[in-house]
Amino acid sequence: MSEANFETLPEQGHNKRISEFQRFLRVMFSRWVVIFGTIVIISDVLGAIFAPQLAPYDPNKISLREMIQPPSAKHILGTDEMGRDVLSRIIYGSRIAVTVGLVVVTIAGIIGMFLGLIAGYFEGWIGTIIMRFMDALMSLPPLVLMLAIAVMLGGGLLKVYVALGIGFMPTYCRLMCGEILSVKENDYIMAAKVIGASHVRVMFRHLVPNTFPPLFVIITLDLGFAILAEASLSFLGIGINPPTATWGAMINSGQQYLLTNPLLSIVPGVAIVLLVLAFNLVGDGLRDALDPRLRGRI
Amino acid sequence: MASFLLRRVIQTIVVVFLVTIISFLLLHIIPGDPVIRILGMHATKDQIAQLRHELGLDLPIIQQYIQWIWNIFHGDFGKSFVYHENVRSLIFERFPVTLYLVSVSLILSTIIGIIAGVSSAVKRGGAIDSIISLLANTGVAIPTFWLAIVGVYIFGLKLGWLPIQGYTSPFVDFGQSVKQMIMPVFATAVPNIAIVARQTRSSMLETIRQDYVRTAKSKGLRQRIVLYKHALRNALIPVVTLVGMTLTFLIGGEVLVETICNIPGVGRLLIRAALDKDYLIVQGGVLIIGTAICIINLLVDITYGWIDPRIRYK
């Protein structure tokens, strides 16, 4: 009898884990907007990866005989002021958008979380300095701060990544610091310290893994907002590398041809809105699914 | 109240001090020699030495900071390399225009956002809630500059209802001023309405669950009184304290819209300066905007601490 019990125990635990994950998925995808967002993100990522196969033309091929054409069978979204195919440039533009999101969130996440971890774990004067510094960064309009940093560093896509990374960092730092402050109070942290675990071990082995869920939500949302910020800078002509297609720069150059072909500015904007909206919807879905207070309600 | 006031003032001074450090460091993250970047490759040795001395770059870094901040306190933000004018007067001349547009946009978007958020929360799960939530999600996803361009195209070029660019002071020609303002204010307000609506909705839902709301309901008060007198007033606290954050986003949008709609404000100046590598204007702009936002945050917090005693003891 007791033997049978032992054999069923791990099995039960296993089942419970699966159902927990299934519950998460069920809550997450219970609303159609989240499914819509996921589909948009997946198609954008696929579009970025398979751009050479999907784009009907070379995005940088100049054809002066076909300048600013309206949509036609040959060019579904028309052509721009240099006769380049707009659809192909939109597809290639998704490469910059998807990379910007990933790179910026990685930079901001790693630096921000690390500083937040230090501030939350040690508190004291070092924590105060870090957190007040974040307050100072947050009291500057993100766009102005990122613009200033990108320009001072000298432009170029890489510099824009760094500038955006710094601009997005404070959120991670604050959130991480708050999480660490609350997780730190748990008995198991005290236990780990008592048995002689080093600071580094306590931080990375016991604290960090327990802070992730709320950070996932911010990461998802920021993937979208980083795209928006990069589009603003490339719209202003900062960080772009002509002739590389970026959605922000396309909106800018189309601006002069609003009367002849408004699609030049409108289409890249729609691409931005769709992708950023998708990240927002998925981020919200994630938040609902991770929120313990909503458990069992949906 | 006094200790709360003192604490907040000291906190603000610390943050403003750090804002000055950030602005100061901006000039120092320029790779290579900023003087050569400003003067170009063909500058003579004398010119380089002179500008370096003018900018104080020949001093040790701490002394540089002290001298720089000393000059700032005396109103000397340096001279623009492009306009050959004092940076301070360049910025302050344009400040009222930006302040005016940002305030109008802030007030309108806060009011509309709160109304939308409350309607959404009250009808939670219903059709209105879904529509407002989706609109709010879309609102934060729309690039301000794109919205301004689409607005210019539809209402300016196609329908001809609104002027497509420019700015007129309301004291000169009120009608024209309002007409020219509609587009830029609309473009900057939309994302902000979305942010405020989302915040109001979640804060309202949180408040409705509180015990005192249940008590108010169970003692037989009418639904409207419970919602607007008991719930809404408390739900608005996090919304209003969020003003500082929404303000930073509004200014970001304003900077872009001023460029598109050709409005002679600080935003357009900043972007021109950024593109012309007119570093001191960028530095001065960051410093002034950052300090202004810190002070506004302080005022918002003090007002709220004064209205709501709970804030003081947090």
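Residues numbered from 1 in each chain as written. Chains lettered and ligands numbered in written order. Predicted model: local features only at pLDDT ≥ 70, side-chain atom pairs only at ≥ 80, totals over all residues.

K.L.:
Explain the overall build of chain A to me, please; I cannot follow it from the model alone.
P.N.:
Per the secondary structure count, chain A includes 12 helices and 0 strands. Sequence-ordered secondary structure for chain A, helices as α and strands as β, is α-α-α-α-α-α-α-α-α-α-α-α. With the C-alpha coordinates aligned to their principal axes, the bounding extent of chain A is approximately 80 × 55 × 30 Å. Out of the 298 residues in chain A, the part that is buried amounts to 46%. Relative to all contacts within chain A whose residues are 6 or more apart in sequence, the contacts with residues 24 or more apart total 70%. (Helix = DSSP H or I, 4+ residues; strand = E, 2+ residues; numbered from the N terminus. Buried ≥ 20, exposed ≤ 12 C-beta atoms within 10 Å, placed from the backbone. Contact = placed C-beta atoms within 7 Å.)

K.L.:
I tried to follow the interface of chain A and chain B on my own but got confused; where do I start?
P.N.:
With 40 residues of chain A at the contact, the number on the chain B side is 39 residues. Elements represented by at least two residues in the side of chain A that touches chain B include exactly helix H5 (124-138), helix H6 (142-153), helix H10 (212-235) and helix H12 (263-290) of chain A. Its residues assigned to classes, the side of chain A that touches chain B comprises 29 nonpolar, 9 polar and 2 charged. (Nonpolar A, V, L, I, M, F, W, Y, C, P; charged D, E, K, R; others polar.)

K.L.:
Is there a simple way to think about the confidence of the model for chain A in this case?
P.N.:
Taken residue by residue, chain A gives an average pLDDT of 84. The fraction at 70 or more is 91%. Within the model, pLDDT remains below 50 along residues 1-13 of chain A, and this stretch shows 0 contacts once partners closer than five positions in the same chain are excluded. (pLDDT = per-residue confidence, 0-100.)

K.L.:
Would you mind showing me how to read H10 of chain A here?
P.N.:
Residues that lie three or four places apart on an α-helix share one face, since the helix turns once every 3.6 residues. Residues and elements named next belong to chain A. Compared with an ideal rise of 1.5 Å per residue, which puts 24 residues at 34 Å, H10 spans 34 Å between its outermost C-alpha atoms and is within 8% of the ideal. Of all the bends found along H10, the most pronounced is centred on Asp 222 and spans about 25°. Taking burial as the measure, the 24 residues of H10 include 19 buried ones, the bulk of the element. (Expected span 1.5 Å × (residues − 1). Bend = angle between axes of the 7 residues up to and from the residue.)

K.L.:
Help me understand the environment of Leu 232 of chain B in this model?
P.N.:
Looking at where Leu 232 of chain B falls in the secondary structure, it is placed in helix H10 (residues 223-241). It is 18 Å that separates the C-alpha atoms of Leu 232 of chain B and Gly 305 of chain B, two residues lying 73 residues apart in sequence.

K.L.:
Looking at this model, I keep getting lost on unusual backbone geometry. Mind explaining?
P.N.:
Glycine aside, a negative phi is what most residues show, and trans is what most peptide bonds show. In the Ramachandran plot, Glu 123 of chain A falls in the positive-phi region, its phi being about 45° despite a non-glycine side chain. One non-glycine residue, Lys 277 of chain B, lies in positive phi territory at about 55°. Mapped onto the secondary structure, Lys 277 of chain B falls in the loop between helix H12 (266-276) and helix H13 (279-307).

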